[in-house]
Every structure is written in structure tokens, then in C-alpha cells.
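# Observations on chain architecture
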Amino acid sequence: MWWDERVSARFRRNLQPTLTYWSVFFSFGLCIAFLGPTLLDLRCQTQSSLSQITWVFFSQQFCLLLGSCLGGVFKRTLAQSLFALFASSLAISLVFAIIPLCHNVVVLAVVMAVAGLAMGCIDTISNMQLVKIYQKDSAIFLQALHFFVGFGALLSPLIADPFLSDTNCILSNSTANASSNLPHIRKSLVPHHPGNLSHFDLPMKGMVVTRVSYAFWIMALINLPVPIAVFFLLYKERMVPCFSSSSHPLLSADELAMEARPTEKDDLSTTVQRPPAGGHDDLFSCCQSKNFRGASFTYFAVHVTGALVLFMTDGIVGEYSGFVYSYAVEEPLSVIHKVAGYLPSLFWGFITLGRLISIPVSYRMKPATMVFINVVGVLITFLLLLIFSRSVIFLFVGTASLGLFLSSTFPSMLAYTEDILQYQGCATTVLVTGAGIGEMVLQLLVGSIIHDQGSYSFLVCGMIFGGLAFTFYAFLLFFHRMYPKPSADVDDVSPDKPAVTDDAGHYQR
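This structure is a prediction, so every number in the text was calculated from the model and none was measured.

Rules behind the numbers
What you see as residue numbers is a count from 1 along each chain, following the sequence as written. Local features in this predicted model are restricted to residues whose pLDDT is 70 or higher, and side-chain atom pairs enter the listing and the counts only when it is 80 or higher, whereas totals over whole chains, interfaces and linings include all residues. Note: side-chain values were computed over all heavy atoms of the structure, leaving out hydrogens and water. Elements are defined by DSSP. Helices are runs of H or I of four residues or more, strands are runs of E of two residues or more, and each kind is numbered from the N terminus. Expected span of a helix, by definition, is 1.5 Å for each gap between consecutive residues, and there is one gap fewer than residues. Relative accessibility decides the category of a residue: with a 1.4 Å probe and only protein chains considered, values under 20% of the type maximum give buried, values over 50% give exposed, and everything between is partly exposed. Starting at the helix axis, one direction is taken to each C-beta atom, and the arc is that of these directions. Residues are treated as being in contact if the distance between any of their heavy atoms lies within 4.5 Å. Side-chain atoms within 4.5 Å link the members of a nonpolar core, which is a set of buried Ala, Val, Leu, Ile, Met, Phe, Trp, Tyr and Cys residues. The salt bridge definition used is simple: a Lys or Arg side-chain nitrogen within 4 Å of an Asp or Glu carboxyl oxygen. Note on patches: the residues involved have over 30% relative accessible area and no salt bridge, like charges join within 9 Å, and the nonpolar side chains Val, Leu, Ile, Met, Phe, Trp and Tyr join within 5 Å. The protein chains shown are the only cover counted for residues, whose accessible areas, like all others here, come from Shrake-Rupley with a 1.4 Å probe. Whether two aromatic rings pair depends on their centres lying within 6.5 Å, for rings of Phe, Tyr and Trp, where Trp uses its six-membered ring; planes under 30 degrees apart make the pair stacked, over 60 edge-to-face, and the rest tilted. As a rule, the C-alpha atoms of each element are fitted with a line to give its axis, helices using only the stretch in contact, and angles between N-to-C directions run from 0 to 180 degrees. For this classification, under 35 degrees means roughly parallel, over 145 means roughly antiparallel, 65 to 115 means roughly perpendicular, and everything else is oblique. Less than a right angle of anticlockwise turn of the near helix away from the far helix marks a crossing as left-handed, whereas a clockwise turn marks it as right-handed. The nonpolar class holds Ala, Val, Leu, Ile, Met, Phe, Trp, Tyr, Cys and Pro. Asp, Glu, Lys and Arg form the charged class, and all remaining residues, Gly among them, are polar. Residue-level confidence of the predictor is what pLDDT reports, using numbers from 0 through 100.

### What to know about helix α10 (residues 212-223)
Helix length check: α10 (12 residues) gives 17 Å between terminal C-alpha atoms against 16 Å at 1.5 Å per residue, within 8%. The complete set of buried residues in α10 reads Val-212, Ser-213, Ala-215, Phe-216, Met-219, Ala-220 and Asn-223. Buried residues of α10, viewed axially, fall in a sector of 160°; they line one side. Taken together, the buried residues of α10 touch α2 (15-32), α3 (35-46), α5 (78-98), α7 (138-160) and α11 (225-236).

### Quick notes on the nonpolar core
Membership of the largest hydrophobic core comes to 123 residues, with the highest contact counts inside it found for Phe-34, Phe-96, Ile-99, Met-112, Tyr-320, Leu-395 and Tyr-473. A per-element tally of this core places helix α15 (residues 297-329) first, with 16 residues. In this structure Leu-395 touches Tyr-320, Val-324, Tyr-327, Ala-328, Leu-333, Leu-343 and Leu-385, once residues within four positions along its chain are discounted.

### Focus on the pattern of salt bridges
Evaluated as defined, the whole model comprises three salt bridges. The closest approach of N and O atoms between Glu-5 and Arg-12, which form a salt bridge, is 2.7 Å. A residue is classified by how much of its surface remains accessible, and Glu-5, at 52% relative accessible area, is exposed. Two residues, Asp-137 and Arg-10, come together in a salt bridge whose shortest N-O distance is 3.4 Å. With Asp-137 in the loop between α6 (105-134) and α7 and Arg-10 in helix α1 (residues 5-13), the pair connects residues that are 127 residues apart, well separated along the chain. Its relative accessible area of 1% is what places Arg-10 among the buried residues. Residues joined in a network through salt bridges with shared partners are Arg-6, Arg-10 and Asp-137.

### Quick look at a nonpolar patch on the surface
Taken together, Leu-94, Ile-98, Leu-101, Tyr-214, Trp-217, Ile-218 and Ile-222 make up a surface patch of nonpolar side chains, about 650 Å² in accessible area. Locating Tyr-214 in the fold gives a position in helix α10.

### Thoughts on the environment of Lys-338
Here Lys-338 is to be found in helix α16 (residues 337-340). For the pair Lys-338 and Tyr-325, spaced 13 residues apart in the sequence, the C-alpha separation amounts to 10.0 Å.

### Topic: the packing of aromatic side chains
Counted under the stated rule, the structure contains 27 aromatic pairs. Ring plane angle 80° and centroid distance 5.8 Å describe the contact between Trp-55 and Phe-58, whose orientation is recorded as edge-to-face. Of this pair, Trp-55 and Phe-58 both sit in helix α4 (residues 50-70), three residues apart, which is roughly one turn of that helix. Owing to a relative accessible area of 29%, Phe-58 belongs among the partly exposed residues under this scheme.

### Focus on the packing of α5 against α11
At a minimum axis separation of 8 Å, α5 and α11 run at an interaxial angle of 160°. Considered as vectors, α5 and α11 are oriented roughly antiparallel to each other. Of the two possible hands of crossing, α5 and α11 adopt the one that is left-handed. Of the residues in α11, those in contact with Ala-79, Leu-82, Phe-83, Leu-85, Phe-86, Ser-89 and Leu-90 of α5 are Val-226, Pro-227, Val-230, Phe-231, Leu-233 and Leu-234. Grouping the constituent residues of the contact of α5 with α11 by class yields 12 nonpolar, one polar and no charged.

### Notes on the side chain of Ser-126
Tracing the sequence through the fold places Ser-126 in helix α6. Here Ser-126 falls in the buried class, since its relative accessible area comes to 0%. Beyond its immediate stretch of four places on either side in the chain, Ser-126 contacts Tyr-21, Val-24, Phe-25, Leu-85 and Leu-145.

### Considering the confidence of the model for the chain
A residue-level look at the chain finds 75% of positions with pLDDT of 70 or above and a mean pLDDT of 78. This stretch, residues 245-280, has a pLDDT under 50; its non-local contacts, to residues over four places away or in other chains, come to 91 contacts. Note on residues 488-509: pLDDT under 50 across the span, and 58 contacts to partners over four residues away in sequence or across chains.

### A short note on unusual backbone geometry
For the bond from Glu-331 to Pro-332, the omega torsion is 10°, close enough to zero to count as cis. Turning to its location among the elements, Pro-332 is positioned in the loop between α15 and α16. Of note in this structure, Gln-47 is not a glycine but carries a positive phi near 50°. In this structure, Gln-47 sits in the loop between α3 and α4. One non-glycine residue, Gln-135, lies in positive phi territory at about 45°. If you trace the backbone, Gln-135 turns up in the loop between α6 and α7.

### Side note on the environment of Val-460
Note that Val-460 resides in helix α22 (residues 457-482). You can call Val-460 partly exposed: its relative accessible area is 32%. Between the alpha carbons of Val-460 and Leu-383 there is a distance of 8.9 Å; along the sequence they are 77 residues apart.

Below, the structure written as C-alpha cells:
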């Protein structure tokens with residue numbers, strides 16, 4: 001194997017939980033990407049206007065952000081984390097099964113809000129648990145985790161595509177003209193920005209003819225093994241109530257990492273300037289004043305600058321995937337609609353490819369180096385896109401390049417920030433929340449700017465966001481140099497060292 005025996009042994013000891021967390025993130029990806037291509041058919045199903053149905057995007061994304069903030073609540077024990085993941089992954093399957101039964105746009109928005117909460121919990125808890133298990137070896141496993149998001153995000157549109165309506169799915173006297181615009185409207189649907197569709201007129205009354213229900217039921221069945229896998233992990237850990245009496249629960253990862261280690265070197269750990277032990281809280285617990293006592297300025301600065309980097313980079317992912325089609329079909333490029341439709345797929349495809357490539361690369365390269373390459377690559381790509389803004393060929397090349405550079409930013413930044421903070425504090429929760437806010441806010445902002453200033457501002461905004469991401473990363477490097485280093489004795493007993501035989505990340509005795 002291309003990694004060393006120590007990491008390989010740790011992976012083998014944690015094989016089932018690791019695969020379970022990866023599969024749960026597949027559910028996350030499956031749920032995050034289906035709404036765009038199916039939204040027109042859901043508009044027909046609910047017999048709502050385009051402006052009304054696009055607010056379903058907001059319902060999902062806002063509750064995803066809320067779920068990310070609250071996800072840390074369930075971290076206190078391994079049992080709470082696994083039960084939350086089981087409930088969340090099962091909720092996603094139920095959401096897929098219930099969506100075809102939603103014939104009112106408000107009901108659909110509520111159902112998508114439930115999906116958003118489940119996705120937010122999955123996002124926070126899965127990242128937290130992998131960081132707890134592998135700690136300084138977590139970078140490679142986080143890269144794999146985020147590959148499964150991309151894989152799910154690629155799969156769900158492919159499942160939905162054969163069942164999407166080729167003509168308007170509400171039959172009325174005015175469908176002829178509307179149907180000719182349907183492919184363009186489908187590609188123009190942008191989350192959180194319904195105003196850009198106000199000039200399209202589609203019928204709201206008539207006979208509904210859509211087969212998209214089959215796509216959702218297929219996705220519900222595909223996702224069903226995920227909650228089953230989480231249940232099996234709960235069963236193995238003797239955490240299912242009706243099976244828990246036969247033997248004592250196995251020692252959890254957070255009990256080992258957060259309790260056993262400090263007792264060995266409790267006096268030495270006080271030499272390192274840290275916030276109180278027991279980090280990885282939910283966002284609201286992180287903001288309590290008791291967590292600030294004894295924490296240095298750099299402790300807060302690392303959290304804030306790390307979150308701001310992801311605010312910008314995840315915001316770029318959202319705004320680029322949402323508006324690249326609209327940019328391509330407008331002047332001066334004027335790409336035909338069918339060709340421009342490949343751009344979002346190309347972007348997400350190279351994000352998934354980049355995450356796959358990053359799995360072995362992250363073992364040989366430090367997370368800090370990977371993030372530096374990513375933010376510089378994003379900045380250079382946007383600069384070249386501006387220079388060659390009239391070249392259709394370079395738009396495709398730049399889209400692929402941007403996908404590659406953005407692909408590993410989140411897991412690399414998470415691994416780097418957690419490493420700086422010595423796996424204390426609230427880095428995972430704060431970074432996940434910052435990324436979610438960025439994806440929402442920047443997409444709204446760019447949509448408004450494009451509406452007022454024209455399509456060229458799309459690339460200008462991307463260049464500005466890329467420059468800000470690089471600036472915040474430079475500040476993060478500066479604060480890293482100022483952050484208190486752990487003492488040699490404390491570091492020697494950290495669970496990532498090969499001399500320690502009782503690995504802090506393992507689930508079994």
C-alpha cells in the first residue's frame with residue numbers, strides 16, 4: 001500500500017466506522033445535487049410558479065446551515081453521534097420517498113427543510129468523528145470522505161435525467177412556446193435567486209404529466225443501505241437498546257482521545273495555552289464565555305481566518321456552479337444552450353476527480369501546502385478567465401481547472417486548522433458553518449450583481465473572492481506561527497505517534 005504500515009494498521013482497526021462515515025457522506029452528496037435538474041418537474045407537481053419553486057432551494061440550504069450549527073450537539077458521546085447519523089441518513093431516504101407525494105410548494109419546502117437539517121448534521125458529525133479517530137492522520141481520510149460527496153452529487157442527476165420532462169409537464173394552451181425554452185430554463189435555475197427567472201412564463205394550471213417520481217423512489221432505495229450500515233455499526237458497538245444488555249459498550253473514540261490521554265500527562269498539558277478540554281462543541285456551545293477563559297488571541301484568529309477561507313472558497317463553488325451556464329449563454333461568448341449545459345457537469349466532474357486524486361496526494365503533502373496550491377490555483381485561474389474572457393475553449397479549460405483546485409480545499413483546510421489547534425476548540429463546527437454561510441451569501445450577492453452589472457461581473461466577483469481567500473489564508477499562516485506549540489512531552493503521548501500501541505482512534509479494545 002502507498003501509505004505506511006502505521007496508517008494502514010489504524011485504518012484496518014477502524015475499517016467499519018470509516019466506511020460508515022464515508023457512506024453517510026454519499027447520502028449527503030446524493031441529496032445536495034438532485035434539486036437543480038428536477039426543479040421544473042417539481043414545479044409542475046406542485047403547480048407553482050418558477051419564483052415560488054426556487055425558494056425550495058433556500059429552504060434546503062438554510063436548514064443545512066442550521067443543521068451544521070447544531071450538529072456538534074450530538075458529539076458528546078459516540079452513541080449520540082451514531083444515532084444522529086442513523087436518523088439523518090434514514091430521514092434522507094424518507095424525504096426521497098415523500099417528495100413525489102408533495103403537491104403543495106409549502107409542503108415541499110418543509111420536506112426539503114428536513115432534508116437540509118439531516119444534511120447539516122451529517123456534514124458536521126462525519127467530519128468530527130473522522131478527525132477524532134485519525135487526528136494528525138486525518139487529512140487522507142477527509143479527502144476520501146469528500147470524494148463520496150462528489151460521487152453522490154454526480155450520481156443523483158444521472159438517475160434523475162431519464163425521468164425529466166422533455167416538454168412542459170403541465171399541459172395547457174400555452175405550452176407550445178414555453179416548451180421550446182425548457183432546456184434553457186432548466187439550466188438557468190439558480191438557488192436563492194428566483195428573480196432571474198421572472199421573464200419566463202410557464203403555465204401553472206392544466207394536466208400534470210411528469211415521471212420524476214420514479215427518480216426519487218430509485219434514489220430512496222439506493223440510499224437505504226446507508227442507514228442500515230449505521231445501524232450495524234450501532235449494533236456492533238452494543239448501542240442498540242434492545243441488544244445492549246449482553247455486554248459492556250466498547251470504548252468510544254472520543255472517550256479514548258479526550259479522557260484517557262489527559263490523565264496520563266495532565267500536568268504537562270497545562271503548559272500548552274489551550275481553551276478548556278472537550279472541544280468540537282456545537283456552534284452555540286463554542287460561543288459560551290466559559291470557553292474563552294484562558295484562550296489566546298491567536299486561538300480565535302485561527303478559527304476566524306480558517307472559516308473565512310472556506311467562506312470564500314465554498315462560496316466560489318456555489319456561485320460558479322450556479323451562474324457559469326448563464327454567463328456562457330450571454331454575450332460576448334453566446335454559447336449555444338446545449339453546449340453551455342455541459343459546463344456545470346464539467347465543473348462538478350473535475351471536483352470529484354480532484355478529490356479522488358487528492359486521496360493519495362494528501363498522504364505525501366502537508367494540508368497547509370495543499371491549501372496554498374488550491375487558493376493560488378483558484379486566483380490564477382480566475383485571472384486567466386478574465387484575460388481570455390472571449391474564448392469559449394478557455395472557459396471549458398478554466399472550468400475544469402477551477403474544479404480541480406477547489407476540490408480538496410475544504411478537507412485540507414479542516415485538517416490543517418484542527419492540526420494547528422491540537423484537536424481542541426471548535427474548528428470543525430466553525431469551518432463547516434462558515435463554508436455553508438459562504439455558499440448561501442455569495443450566491444445571493446453574485447446573482448444580484450449580475451442582474452445589475454451584466455454577465456462579465458461574474459468573473460470579476462470570482463477574482464475578488466479568490467483574492468480574499470488568498471489574503472485570509474496568508475493571515476492564517478501568520479497566526480499559525482504565533483500559536484503556542486505543544487510541548488515535546490505532550491506530543492510524545494499524542495495518539496498519532498507510532499510508539500503508542502493503544503491507538504486513540506480505534507473502536508475496539
